[in-house]
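# Coordinate inspection notes
Below are the chains, spelled out letter by letter.
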Amino acid sequence: VLFRVNLSGMSRGATAVLLVAFVAALTGCASSSSGPAVPTVAPAKTFQLAGFKPTGPVQPGHPFELSFRIDQPSGEPLVSYRRGAGPHTGVHVIVVSKDLSVIIHRHPPIAADGSVRQPITLPAPGPYRVLVDAYPNLGGPRRNFQLSTDVSAAGSYEPEPLPAFHLTDVVNGYRITLRGTAGLRAIQPASATATVTDSAGKPPHLTPWFGALAHAIFFRAGSLDYFHTHVCGPNTPGCTTTFGTATITGRALAPGKLTVGILLPLPGTWRLFLQFRANGETISAPFTLKVR
Ligand SMILES: [Cu+2]
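Residues numbered from 1 in each chain as written. Predicted model: local features only at pLDDT ≥ 70, side-chain atom pairs only at ≥ 80, totals over all residues. Heavy atoms only, no water.

In terms of regular secondary structure, the protein is built from zero helices and 20 strands. The buried share among the 292 residues of the protein stands at 41%. The long-range share in the protein, meaning contacts at least 24 apart out of those at least 6 apart in sequence, stands at 58%. In the structure as shown, the protein presents an accessible area of about 15,600 Å², 55% of it carried by carbon and sulfur atoms. (Helix = DSSP H or I, 4+ residues; strand = E, 2+ residues; numbered from the N terminus. Buried < 20%, exposed > 50% of the residue type's maximum accessible area, 1.4 Å probe, protein only. Contact = heavy atoms within 4.5 Å. Areas by Shrake-Rupley, 256 points an atom, 1.4 Å probe, with all protein chains shown as cover.)

Applying the stated rule across the entire model yields one disulfide. With its sulfur 2.2 Å from that of its partner, Cys232 forms a disulfide with Cys239. Taking the torsion about the sulfur-sulfur bond, which here is approximately -95°, the covalent link between Cys232 and Cys239 counts as left-handed. Residue Cys232 shares its accessibility class with Cys239, and that shared class is buried. (Disulfide = S-S within 2.5 Å.)

Attention shifts here to the pattern of salt bridges. Within the structure shown, the criterion is met by five salt bridges. Linking Arg117 and Glu65 is a salt bridge whose minimum nitrogen-to-oxygen distance equals 3.3 Å. A residue pair is termed long-range when its members are at least 10 positions apart, and Arg117 in strand β7 (residues 116–120) and Glu65 in strand β4 (residues 64–71) qualify at 52 residues. Judged by relative accessible area, which is 46%, Arg117 ranks as partly exposed. Here Asp150 makes a salt bridge to Lys98, at a shortest N to O gap of 2.9 Å. Of this pair, Asp150 sits in strand β9 (residues 145–153) while Lys98 is found in the loop between β5 (91–97) and β6 (103–106), placing the two residues 52 residues apart along the sequence. For Lys98, a relative accessible area of 27% gives the class partly exposed. Look at the salt bridges and you will find they share partners, linking Lys98, Arg129 and Asp150 into a network. (Salt bridge = Lys/Arg side-chain N within 4 Å of Asp/Glu carboxyl O.)

Right, let's get into the coordination of the copper ion. The protein atoms that coordinate the copper ion are His215 (ND1), His228 (NE2) and His230 (NE2), at distances of 1.9 to 2.1 Å. Donor residues for the copper ion sit on one chain with the sequence pattern H-x12-H-x1-H. Comparing His228 with His230 shows no difference in burial state: the two are buried. (Donors = N, O, S within 2.8 Å, 3.2 Å for Na, K, Ca; no water.)

This brings us to unusual backbone geometry. Lys53 connects to Pro54 through a cis peptide bond whose omega is 10°. The phi torsion at Asn172 lies on the positive side, around 50°, for a residue other than glycine. With respect to the helices and strands, Asn172 occurs in the loop between β10 (168–171) and β11 (174–179). The phi angle at Phe210 is positive, at roughly 50°, despite the residue not being glycine. Topologically, Phe210 is positioned in the loop between β12 (190–197) and β13 (214–220).

Time to look at the sheet that holds β11. Spatial ordering of the open sheet is given by β10-β11-β12-β18-β17-β14-β13-β19-β20, a layout of nine strands whose pairing is mixed. With one partner strand each, in any of the chains shown, β10 and β20 (281–291) form the two edges of the open sheet. Averaged over all adjacent pairs, the angle separating strand axes in this sheet is 25°, with direction ignored. With two bridges connecting them, strand β17 (residues 250–254) and strand β18 (residues 257–262) associate as antiparallel partners. Opposite Ala254, over in β18, you have Lys257 as the bridge partner. (Pairing = 2+ DSSP bridges. Axes fitted to C-alpha atoms, helices over the stretch in contact; angles between N-to-C directions.)

Pasting the structure below:
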């Protein structure tokens, strides 16, 4: 027997369809009393954030220290992380406001005991998601995993409505134009082209930053599902993202012209933050994407 269950209200704009298969096993010794026995299931042992700070609201505009470690399923702290070249190492901390108007992306150092500390400043009041993308060095097929928690900045919160898609963003004098996102579909790899010019209209020299020429960080509106790909350059080995059997790599085609690999797991409205570093500053160009 197949039941289709629409779970609405899990996340804004998202409807998960759950297929539940029931097998009615009628055996000769079926009990006639109080229905089927429910098996006892022990809590799943998983990786989890431990010792996370801050434990309460922080002041907007004031730096604070965000700190945590990751505990392994065994209960021991995770101390061994992938190292070396490329963006797929260590721990990435991405703090995003829930209205997707603010993103903060850091790769903090990891102490020998596995603890991670990162100074952060939340610019405005409101709720933020802290996403920890971890690359453990444990062998086996597992490459990375994400854990998340929330922080909030005190004060009255006025969520900004998500802007419609604009072809061109202007950030700190840089013009970033993104083409090729009109027909995006969930689970289908696609590639868009970003063209970047500086305030003089010239393509800027991009400096590799956190192991990539550019980072494409995607969050889904409402549910805050996450995906992350990179634009790789000649000096950024180990930069390709793998997702299942697909590999997603962006490349610099020419100065100021980047291909951006896109592979989003769910339909909906997504916010892409295209991040790169030029002339000593980090630029985050946001784009709203519709994914069918
Ligand atoms: Cu990245």
